[in-house]
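Structural overview for review
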Amino acid sequence: MPNMRVKQLLPPKPFEIFHMERSCCEVRLEMSSSIEYYNQLMKDAGVDGGVFAVLIGLFIVFCTAVLWRFITGSSSNRNGVLLIGLSDAGKTNLFSQLVSGTGRSTQTSLKENEASYAVEGAKRSESLTLLDLPGHEAIRQQFVEKFKDKARGIVYIVDSETFQKNIKDVAEFLFQILTDKSINKISPKVCIACNKQDKLMAKSKKVIQLQLEKELNTVRKTQSAALSSTSGSGDDNVYLGIKGEEFQFSHVKKFKLEFLECNAKSDDGAKSNIDEVKSWISSLV
Amino acid sequence: MLDFFTIFSKGGLVLWCYTFQGVKTNFSEPINALIKSVILQERGGSALFNHGALQMKYKLDNEFELVFVVGYQKILSLLYVDKFIDDVHRTFRDRYRQKLLEGSLILLTTNFDFESMFAKMLRNAEETKTQQVVMKKFHESDKAKKTVKSLVIDQNKKDGKETENKANVIKKGSPKSITNGTGSVESSPKTQRETESPEIARNREKFIQKRTKVAKATMKEGKKAPERKGKLNRVWDKGGTAKDTKDLDYSAPPTMTNGHSNEQVEKEELTEEQRALCRNIRALDDDDEDEEIEELEVDEKKSSGGFFSVFRGLVGAKGLTKEALQPALDTMGDHLIAKNVAADIAKKMCDSVATKLEGKVLGTFSTIAYTVKQSLNESLVQILTPKRRVDILRDVLESQRAGKPYVITFCGVNGVGKSTNLAKICFWLMENGFRVLIAACDTFRAGAVEQLRTHTARLSALHPPSMHGGRESVHLFEKGYGKDAAGIAMQAINTAREMRHDVVLVDTAGRMQDNEPLMRALAKLIAVNSPDLVLFVGEALVGNEAVDQLVKFNQALADHSNVQNPRTIDGIVLTKFDTIDDKVGAAISMTYTTGQPIVFVGTGQSYPDLRSLNAKAVVNALLK
Ligand SMILES: Nc1nc2c(ncn2[C@@H]2O[C@H](COP(=O)(O)OP(=O)(O)OP(=O)(O)O)[C@@H](O)[C@H]2O)c(=O)[nH]1
Ligand SMILES: Nc1nc2c(ncn2[C@@H]2O[C@H](COP(=O)(O)OP(=O)(O)O)[C@@H](O)[C@H]2O)c(=O)[nH]1
Ligand SMILES: [Mg+2]
Ligand SMILES: [Mg+2]
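The name given to chain B in an unreviewed UniProt entry is SRP54-type proteins GTP-binding domain-containing protein, with the source organism recorded as Clavelina lepadiformis. Reading the Subcellular location (unreviewed entry) entry of the UniProt record for chain B gives the comment "Endoplasmic reticulum membrane". Regarding chain B, the relevant UniProt record gives this comment under Sequence similarities (unreviewed entry): "Belongs to the GTP-binding SRP family."

Identification of chain A as Signal recognition particle receptor subunit beta from Clavelina lepadiformis is taken from an unreviewed UniProt entry. The heading Sequence similarities (unreviewed entry) in the UniProt record of chain A holds the text "Belongs to the SRP receptor beta subunit family." You can read under Subcellular location (unreviewed entry) in the UniProt record for chain A the words "Endoplasmic reticulum membrane".

As C-alpha cells, then:
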C-alpha cells in the first residue's frame, strides 16, 4: 500500500525540473509549494524524513548549477567558428582540411557539419567548435539564424575564381551577415578567406577587398531603398559603415575584419594551403 | 549497369563512391543538380530524376543523416534499382552503425571499405535479371498473406503514400522480400530473383493472378504502370508542365470505393477452382485483417493525442515509420488546405516531409506531431525563400550603367491587379530616382489605356519635374487599341533607349490560361522583346486554380517560343494580400509550382501599398 503512494508522487518530479530552467525565482516559489506537497504525501505514505532531505539537497545542487550557468555561461560557451559563404565556395573542403588534414570529395551540403577543433598550444578547455554551414540560397538563412549565437569567429569564404561573376551575390550575403543585429551584438571576429588561390584565374585578396568595398557601397544603397516586408515590422538591421561616406572596410568598427588567402583542395597534385586560416583561428582563443 | 553509386552525408562529405569499372568521371555535377532541384525544392515525394542522359534515384537516411544516390543511363530503365538501393542502404547502415553514430570527425577519418560487399550485391542484382525465375508458390508461404494484407490495409486506409519500393516489391510477387526487413542480402538470394524483361514480368503477373486473390496486387500494378511512365518522362524543370499535372493525376491514391469495385471485377474472373482456393485464404485473412485495422486505429489515436504521445516519445527510441507519421501528416495536410494551399501542393509538401522524417529518431521530449510541424515549418520557409538573389534596384542600376533600359513584363489572368500593381511598382521606382516608361500593351480591354493614362498623370503629379531636375520621370507609351502588343512593346523599348528612361514597365492584357491564341501572343511578346524580368501577377485569393494558371502560363511560354532556351516566368507578384487575413496558402502554391520567388506583394489600393514577402511571418500565419 505505501508503495503505491510513492509511485503516485513520483510523476511531478520531471516537470518540476522543467520549470527550473525558466527562472530561478520561479523555481524558488515552486519549491516551497512542492516541499509542502511532498511533506504531505510523505506523511501519508509513512516515508521517513531521510529521503526527503536528500531530495532537498539535490534540488539545491541543481539550483546552484543553473545559477552558475547563468552567471558564467554567456561568453565561454560561445566557442563556435562558423564557415559561411555561397554554395561551392569550398566550405566543406576547408572544414575537412581543418579537422582531419585530408581532402574529401564533396557534394552540395544539406546540413551543417560540426566538429571540435583543438587549437595547437592552447588549453583543452579552450577547444573550439567548427561549424560548416550550407551555402545554398534556399537554406543558408535558416542555418545562420540557428547558429549565429554561437559565433566566436566567422570565416566568410569566397571563391576567388568565380568572384567576378558572383560578386553581387557574394556582397549581398556578406552584407546580411555584417548588418545582422544579433551578430553585431556579439561582434565576433570576421575573416574573409579568398579560397581557390591555386586556380589560374583566381583574384588576389587585394582585388577582392577593393571590389567588395565598391559593391557593398551599392548594396547598402539598394537595400535601404528596398520595400518593407509584409510582417509590418521595419527592418532592424544595423547600418553598415559610416552614414554619408563611401563604404570602406575600415569603417566597420564592430568586427575585426581581415582578408586572407587559402586553397582548401588537395588532390591532383595541388597541395592545400590553409596556414593563414589556421593561424587566424588560433588568434580566437 | 550502373554508372555510379555514391553515399554521402547530408553535410556534403562523400563517404564512399562506386563508378562503373572505376571510370574516373566526375558525377558530382549531376548529383548537385539533383540536390538543388529535387531535395532542396521539397520535391522529395517521388524519387526519380533525369539529368541529360542520366537517370538518378536517391534515398535519404534520416537517422544517420546520409544520402544514397544511384545513377544509370536513362534508356536502360533498370527495374532493380529500387530494391537495390534499399539493400545497399540497409547493409551499409548495419555495417557502419557504430562509426556513423560518432559524428563528423569519424566520418572524415574512416576509410569506408565497402567495395567488395557492394560488388557482390551488384552482381547478385544484375545476374538475377538473366535467370529464369522459379517462383516459390505464392500461397505456400504464409508470408504471402501478410504481403497482401498489408496492401489491403493500405487501401482501406486510403493510404496512397506507400513507397514505390513497396509497391514494386509487391508486384514482383517475391514474398520473401518484404519480410526480409533486417537480413543481409547474401543470406537471401531469393530476394534478388527478379526479372528485367517485360515479358517475364507479364507472365509472372498472370501467374500470380491465377494463384490467389493477389488480384488486388495486380490491380495495383495496373494502376501503377501508367503512373510509372509518367514519372520516367517527368522533367524536373522549374515550371512543371501541363502534361505533368495529368500524369500526376494518375498518382492520386485509389479511393476506397474504386478499390472495392475493381476487386470485385477481378474476383469474378477467377475460375471456380481458384475461387475455392481463394475462399480458404480469404476466410483466414479476413479476421487478421480486421484485427490489424483495429490495431492501426489504436495507434492512430495514441499518436494524435497530445498527452499519450509524450510518453510514446519518451519510451520509443525507434526511428519514425511512415505509418506513425501518417496521422500527424494528414492533420497538417488538411490544415494547409484550410489555409488555401492548393490540395496537390499540400499533399506534395506532406510527402516531402515524410521522406525527410522517415527513420529519424525522436528527441526525448518531442512528440510526432511537434516534429512534423517543425519540419514542415522549415520546409515551408525553404520553399518561400528565393533561390536566387532578388534585388531589382541593383539590377536596374546595372543596366543604367550599361546605358540600356531595364524591361519588366507583367502577365496574368483578368482582373488580378496587373495595371494597379504596375503603377505601384512605378511609384516605388520613381521614389528611388529612376525614370520610368509605361508601355500600354493591353490593347484589348476597353479602358485599359485610359486607366494607365490616369495613373501616369497622378504619378507625375506626385513627382513633378521640379523634383527631378526639370525632367518628367514617368511617361506613357500608347498606340491605342487593337494593335499588335509585341510591336508596341518593341517600340516602347526603343523609345526608352533614346529618351534615356531607366525602366520600361510593360502592361499586357489579362488572359485566361486556356485561351490559346492569346497565350501565343504573350509568348511572342516575350520572345521578341526578351525582357529582363517576366513577372506573373496572381491574386492571393486564388486556391487550387493557382497551380493550373502558373503551369499553363509557363507551358505556353515554353511551347510558343521558337527560341532554344525559352523564357519562362522569373518572379511572382502576389496581389490583394490585404484581403485574405491569414489564408496565405496561395503564396506556397505559387512558389512551389514555379520555383520562383515572390518579388512583390500588393497590400492595398494606394501607391505605397507594396511590400516584399516575409517568409517567416507567412509561414507562422500558415501554421497557426
Ligand atoms: N581548385 C580548388 N578547388 C576547390 C578549392 N576548394 C574547394 N574546391 C572545389 O569547389 C567545389 C565545392 O566545394 P565544397 O567545399 O563542397 O563547397 P561548399 O562551400 O561546401 O558548398 P555548399 O555545401 O554547397 O555550401 C568542390 O568541387 C571542390 O573540389 C580550392 O581551394 N581549390
Ligand atoms: N485590396 C486590393 N485590391 C487590389 C490590389 N491590387 C489590385 N486591386 C484591385 O483589383 C482590381 C483589378 O485591378 P487591375 O489592375 O485593373 O487588374 P488587371 O486587369 O490585371 O490589370 C482593381 O479594382 C484594383 O483596385 C491589392 O493589392 N489589394
Ligand atoms: Mg558544403
Ligand atoms: Mg489592366
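Remarks on the nonpolar core
Taken as a class, soluble globular proteins show a tendency for nonpolar side chains to be buried jointly. Residues and elements named next belong to chain B. With 112 residues, the main nonpolar core has Leu336, Leu380, Leu429, Leu505 and Phe600 as its most contacted residues. Considering every element that reaches this core, the biggest residue donor is helix H18 (residues 418–431), with eight residues. Both domain 2 (322–384) and domain 3 (392–623) contribute no fewer than three residues apiece to this core. Aside from chain neighbours lying at most four places away, what touches Leu380 is Leu336, Met349, Ile588, Val619, Leu622 and Leu623.

Section: the site of ligand 2
All names here are of chain B. If you check the shell around ligand 2, you find 17 residues, and the closest are Lys418, Ser419, Thr420, Asp578 and Gln605. Val416 is positioned with one of its backbone polar atoms (N or O) 3.4 Å from an oxygen atom of ligand 2. The contact in question runs from an oxygen atom of ligand 2 to an N or O atom on the side chain of Arg445, over 3.5 Å. In the complex, 82% of the free accessible area of ligand 2, which totals 590 Å², lies under the protein chains. For the shell around ligand 2, the element with the highest residue contribution is H18, accounting for five residues. Its residues placed into classes, the shell around ligand 2 shows one nonpolar, 11 polar and five charged.

Points about the pairing of strand E1 (residues 80–85) of chain A
Residues and elements named next belong to chain A. With six of six residues buried, E1 lies mostly within the body of the structure. Across the two faces of E1 the burial is the same, with Gly80, Leu82 and Ile84 and Val81, Leu83 and Gly85 all buried. Note that E1 and strand E4 (residues 151–159) share six bridges and pair parallel. Opposite Ile84, over in E4, you have Tyr156 as the bridge partner. Bridge count for E1 against strand E3 (residues 128–132) is four bridges, and the pairing is parallel. Its bridge partner being in E3, Gly80 is matched across the sheet by Thr129.

Description of the domain arrangement of chain B
All names here are of chain B. Entries for chain B in the domain assignment read domain 1 (2–130), domain 2 (322–384) and domain 3 (392–623). Once you take the C-alpha centre of each, domain 1 and domain 2 turn out to be 25 Å apart. If you look at the interface, domain 1 gives 10 residues, while domain 2 gives 14 residues. Between domain 1 and domain 2, the buried area comes to about 880 Å², and carbon and sulfur atoms account for 47% of it. The largest per-residue losses of area from domain 1 upon contact with domain 2 belong to Glu42, Asn62 and Glu63, which jointly make up 62% of the total buried on that side. On the surface where domain 1 and domain 2 come into contact, there are one salt bridge. Across the pair Glu42 and Lys356 runs a salt bridge whose closest N-O atoms are separated by 2.9 Å. Inspection of the domain 1/domain 2 interface yields eight residue pairs in polar contact (both at pLDDT 80 or more).

Concerning the state of the cysteines
Here, disulfide denotes a covalent bond that connects the sulfur atoms of two cysteines. Applying the stated rule across the entire model yields zero disulfides over all chains. With no disulfide of its own, A:Cys191 lies closest to A:Cys262 among cysteine sulfurs, the gap being 8.1 Å. Relative accessible area serves as the criterion here: at 0%, A:Cys191 is assigned to the buried category. There is no disulfide at B:Cys441, and the cysteine sulfur nearest it, in B:Cys411, is 12 Å away. On the basis of relative accessible area, B:Cys441 is assigned to the buried category, the value being 2%.

A word on the coordination of the magnesium ion (ligand 3)
Residue and element names in this part refer to chain A. Listed as protein donors to the magnesium ion (ligand 3) are Thr92 (OG1) and Ser109 (OG); their distances from the metal cover 1.9 to 2.0 Å. Taken together, the positions of Thr92 in helix H5 (residues 91–100) and Ser109 in the loop between H5 and strand E2 (113–117) put the pair 17 residues apart, joining distant regions of the chain. Across the pair, Ser109 and Thr92 agree in class, each one buried.

Rules behind the numbers
- Residues numbered from 1 in each chain as written.
- Chains lettered and ligands numbered in written order.
- Predicted model: local features only at pLDDT ≥ 70, side-chain atom pairs only at ≥ 80, totals over all residues.
- Heavy atoms only, no water.
- UniProt positions renumbered as here; feature names shortened; annotations may be inferred.
- Core = buried A, V, L, I, M, F, W, Y, C linked by side-chain atoms within 4.5 Å.
- Buried < 20%, exposed > 50% of the residue type's maximum accessible area, 1.4 Å probe, protein only.
- Helix = DSSP H or I, 4+ residues; strand = E, 2+ residues; numbered from the N terminus.
- Domains from an automatic or database assignment.
- Contact = heavy atoms within 4.5 Å.
- Near = heavy atom within 4 Å.
- Polar contact = N/O pair within 3.5 Å; in protein donor to acceptor, adjacent residues only side chain to side chain.
- Areas by Shrake-Rupley, 256 points an atom, 1.4 Å probe, with all protein chains shown as cover.
- Nonpolar A, V, L, I, M, F, W, Y, C, P; charged D, E, K, R; others polar.
- Pairing = 2+ DSSP bridges.
- Buried area = accessible area lost by both parts, 1.4 Å probe.
- Salt bridge = Lys/Arg side-chain N within 4 Å of Asp/Glu carboxyl O.
- Disulfide = S-S within 2.5 Å.
- Donors = N, O, S within 2.8 Å, 3.2 Å for Na, K, Ca; no water.

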